[in-house]
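Remarks on the overall topology
So the chains spell out like this:
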Amino acid sequence: MTDRTASSAYDRSERPGSASLVLMLALVIFAVLGVYFLAPAAIAPRFVMFALALFGVAGVFFLFTLAVGLVQFSPRAARNDVTRLIADSAAEGLVVTQDTQIVYANAAYMDLCGARDPAGLQVVERLFSGPPEVSEAVYRLAQAARAGTAHVEELRLSPPLTGGPGVGWYRIMVRSLPQAGPRAVLWRVADVTGERQRQEGVFQELQHAIDFLDHAPAGFFSASPDGAVSYMNKTLANWLGYDLTQVGSGGATLASIVANNGAALLAAVSGAPGEVRTDQIDLDLRCRDGRPLPVRLLHRVAFGQDGAAGASRTLALNRAAGEKPEEGLRAAEVRFARFFNSTPMAIVTLDGEGRVRDSNAAFAKLLPKALKSGQAREPWSLLAGLGERDAEALRKAVQDAIDGKSDVKPVNVSFEEGAGPRSARFFVSPAEDGGQKGVTIYALDTTEQRKLQEEFAQSQKMNAVGQLAGGIAHDFNNMLTAIIGYSDFLLSSHRPTDPSFKDIRQIKATAERAAGLTRQLLAFSRRQTLRPQVLQLGDALSELQMLLRRVVGERNEIELRHGRDLWYVKADLTQFEQVIINLVVNARDAMPESGGRVQIRTRNVTTGDCASFSEPHLPAADYVLVEVEDTGAGIPPDVIEKIFEPFFTTKEVGKGTGLGLSTVFGIVKQSGGFIFAASEVGKGTVFRIFLPRYIPEEKEAPQKEAEGAKPQGDYTGQGVILLVEDEDAVRSIGARSLKTRGFTVLEATTGLEALEVVEEVDGKIDLIVSDVVMPEMDGPAMYAELRKRGVKAKVIFVSGYAEEAFAKNLPEGEFGFLPKPFSIKQLVETVKAHLPPPGAGGAS
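Only a predicted model underlies this, so the values are computations on that prediction, with no experimental measurement involved.

**Comments concerning the pairing of strand β5 (residues 168-176)**
Working note: regular strand, side chains alternate between the two faces of the sheet. Sheet topology note: the strand β4 (residues 151-157)/β5 ladder contains seven bridges and is antiparallel. Residue pairing across strands places E154 opposite R171, the latter belonging to β5. Bridge count for β5 against strand β6 (residues 184-191) is seven bridges, and the pairing is antiparallel. Bridging from a neighbouring strand, Y170 pairs with D191 of β6.

So this is what it looks like as structure tokens:
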């Protein structure tokens, strides 16, 4: 305690109080009495009367000022005296300054200044002057005082203000004091040297404890409930090869330092509310270089009153070094414990009432909920999280094993754990422990296997539907070719003014719409004909932009964002446009009545970027990504798995065929790409199309239009044409249309018959137009046989299937292709485009 006898408080702001007023009044009374006794007799009475009148007026005025509060005899003066007494006797120094002048300083501050009287006082800025760090702190305090804000600093002075050796610590606080006058500032100076010395002592003791723990012969680490290692001693860090600077900043977790599934085993330790539990566990830690380190852990966990586990404290004993090898039964137990916790198969033992006796790390990872929060002590806690049917099947299997049955069948169960639904197969066998019956359960995680089975079944179903759709489309194309061909004949023989002309055109238009439906079926089955060309998707989408704006309507917005320097792709431009239009139409239909926004984005995706999309079926490669995102209603999770299936639709009857997205899927797949959908109900959907990057050859350049037969004004010609078609109607239309335009047509219904016709004319044929799928001998087999016989005539294949479906089975050579259904004009144009020029050889 500071000695206060040497100094007292200094207050320059004191003013006369009530005692001074009474003294002045007494002096006036004595003056009046003196005048009365010393003045002449004639003057005294008058002076007394005048004095009494004066005192009367003064009394009335005093009563008035007392009434209005100008003069008070209240507890305020007493309060001011108490406040001053507290300030005067405060242990910390208090000083009030105004315009850099000290107007008040208590005894403690005077002691800090070493002042016996006011003349020895110093302002804080002068009292604390010294090294730059002290001057800077005082400057910050002064700036805060001028700004009228509060501020605190701690200063270190050597030597201290009290003199002598050592260091002094001082805490200085400053704030404005407007009630004491303008620019009045209160400074509070406390000597905290003793407090800092005590803190430094505690810190040094703690540092000694840490040093002892760091160099202890055993490892030690602490981990939070989420598995982050917050502390590791130097011994354990040396064992594992860790840098201590990385520990505690995310550089180490239980999963990284504990081998196999041991982290899950530590996290699964359960206890009662308020319990502190310590378990002995033999397992392997994992060194930074991957080597296992066999250890015995003393794992201590304290549980809160709510049953939640707190931070763990774990002592690790190195069994590979520092201990003598154990022999006999104990060594075998240790080796078994390590094996038990390192095996990838989940193992758990139950007693006769279904309580968990023991479990390994793999089981703790598979079903952690069954082992946490004290549930493991309850009967049948293993069934927590299982469905009612699976739980009952597993309970029956366990009971059968306890009853001694040897033919207990495996139980397949499904449960929710972690990121989503999982599945496992449980094998139950009887076991005894100390004469008490129980069971051992071996569990295999079958989640990935179940997913692969479901995906394979879905693939098989889609393949079967695709084959069916392709076959139906092929047969329909034959019929549609006949309908369109005969409609062309009728239109050519009727004038536009004829009453039946419009009906015939309507028949043809209906057949063409049906042909569009078959093209969608073929697209889904990936059997349509594609005309791939080198594309720059940014240019293709820009040319499609005006059409897309009309598709989305006036209430909705559409926005295109192109990435820079997009790579080339190779795809059918028409089919790619169909993909984008279908996706935009679906986005428009999903919009609310108030409207929404469709955004189409393109960018390059490198091989390293593929992993960021979390799509397991996307191979790592270079792609051009096209994203179509909308702000519509979104797709529920149970629906999004089916959207690419044919004939699946959520639209009302008559408003959707269910082939839009299946067509998109087929076109993308046939182009060598991938398509994925992600959606959130109420926020919207995004479709991502990944098309493989294509590097054009030097002479290959992006094409604006697909190459093919160009329309010609003259549809007449000459030459011998062999028409091979097993469908009578299609063959009849083809032969008739070519004969009327000057060609010589030879007909055959099968490939074998076509070979006979070629022999009859001694190979003098200019062009062969053949179907692909025919009885006895199909088109490709006929083509190969003709080449063997030396027939060099060009061949045009006609089919409702895709060109790629049979081209791989053909021998090398050039051939043309005409997809069904076709019009008479398309047939004639293709024939004339493939006929050899006059004089080039052939029959003519």
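**Re the sheet that holds strand β11 (residues 309-318)**
Spatially, five strands are ordered β8-β7-β11-β10-β9 in an open sheet, and the strand pairing comes out antiparallel. The two strands at the open ends of the sheet, each matched to only one other strand, are β8 (229-232) and β9 (276-286). Along the sheet, successive strands turn relative to each other by an average axial angle of 25°, direction set aside. In the sheet, β9 pairs with strand β10 (residues 292-303) via 11 bridges, with the strands oriented antiparallel. Bridge pairing in β10 places V276 opposite A302.

**Points about the side chain of R601**
Tracing the sequence through the fold places R601 in strand β20 (residues 597-605). The class of R601 is buried, set by a relative accessible area of 18%. One polar contact links R601 to E629, side chain to side chain, over a distance of 2.7 Å. Among residues more than four places away in sequence, those in contact with R601 are R561, L625, V626, E627, E629 and V686.

**Some words on helix α6 (residues 132-147)**
Relative to the 22 Å expected for 16 residues at 1.5 Å per residue, α6 spans 22 Å between its end C-alpha atoms, a close match to the ideal helical length. Taken together, the buried positions of α6 are occupied by V134, A137, V138, L141, A142, A144 and A145. The buried side chains of α6 occupy one side of the element, clustering within an arc of 160° when seen end-on. Opposite its buried face, α6 presents the exposed residues P132, E133, Y139, R146 and A147, each directed more than 90 degrees away. Where α6 is buried, its residues meet α5 (124-127), β4, β5 and β6.

**Looking at unusual backbone geometry**
What you tend to see is this: most non-glycine residues have negative phi, and most peptide bonds are trans. Not every positive phi belongs to a glycine, and S614 is a case in point at roughly 55°. Relative to the assigned elements, S614 resides in the loop between β20 and β21 (623-630). Phi is positive for E776, close to 70°, though the residue is something other than glycine. By the secondary structure assignment, E776 is in the loop between β26 (767-771) and α22 (779-788).

**Some points on the packing of aromatic side chains**
Scanning all chains against the criterion turns up seven aromatic pairs. Here the aromatic rings of F613 and F690 are separated by 5.1 Å at their centres, their planes lie at 85°, and the arrangement is edge-to-face. Of this pair, F613 sits in the loop between β20 and β21 while F690 sits in strand β23 (residues 684-692); the two residues are 77 residues apart in sequence, bridging distant segments of the chain. On the accessibility criterion, F613 (16% relative accessible area) is buried. What makes F690 buried here is its relative accessible area of 1%. Between F676 and F690, the ring centres sit 6.0 Å apart and the planes meet at 70°, which makes this aromatic pair edge-to-face. With F676 in strand β22 (residues 674-680) and F690 in strand β23, the pair connects residues that are 14 residues apart, well separated along the chain. Residue F676 shares its accessibility class with F690, and that shared class is buried.

Rules of the game
Residues numbered from 1 in each chain as written. Predicted model: local features only at pLDDT ≥ 70, side-chain atom pairs only at ≥ 80, totals over all residues. Heavy atoms only, no water. Pairing = 2+ DSSP bridges. Helix = DSSP H or I, 4+ residues; strand = E, 2+ residues; numbered from the N terminus. Axes fitted to C-alpha atoms, helices over the stretch in contact; angles between N-to-C directions. Buried < 20%, exposed > 50% of the residue type's maximum accessible area, 1.4 Å probe, protein only. Polar contact = N/O pair within 3.5 Å; in protein donor to acceptor, adjacent residues only side chain to side chain. Contact = heavy atoms within 4.5 Å. Expected span 1.5 Å × (residues − 1). Arc of directions from axis to C-beta. Phe/Tyr/Trp six-rings, centres within 6.5 Å; stacked < 30°, edge-to-face > 60°.

These figures capture arrangement, not role.
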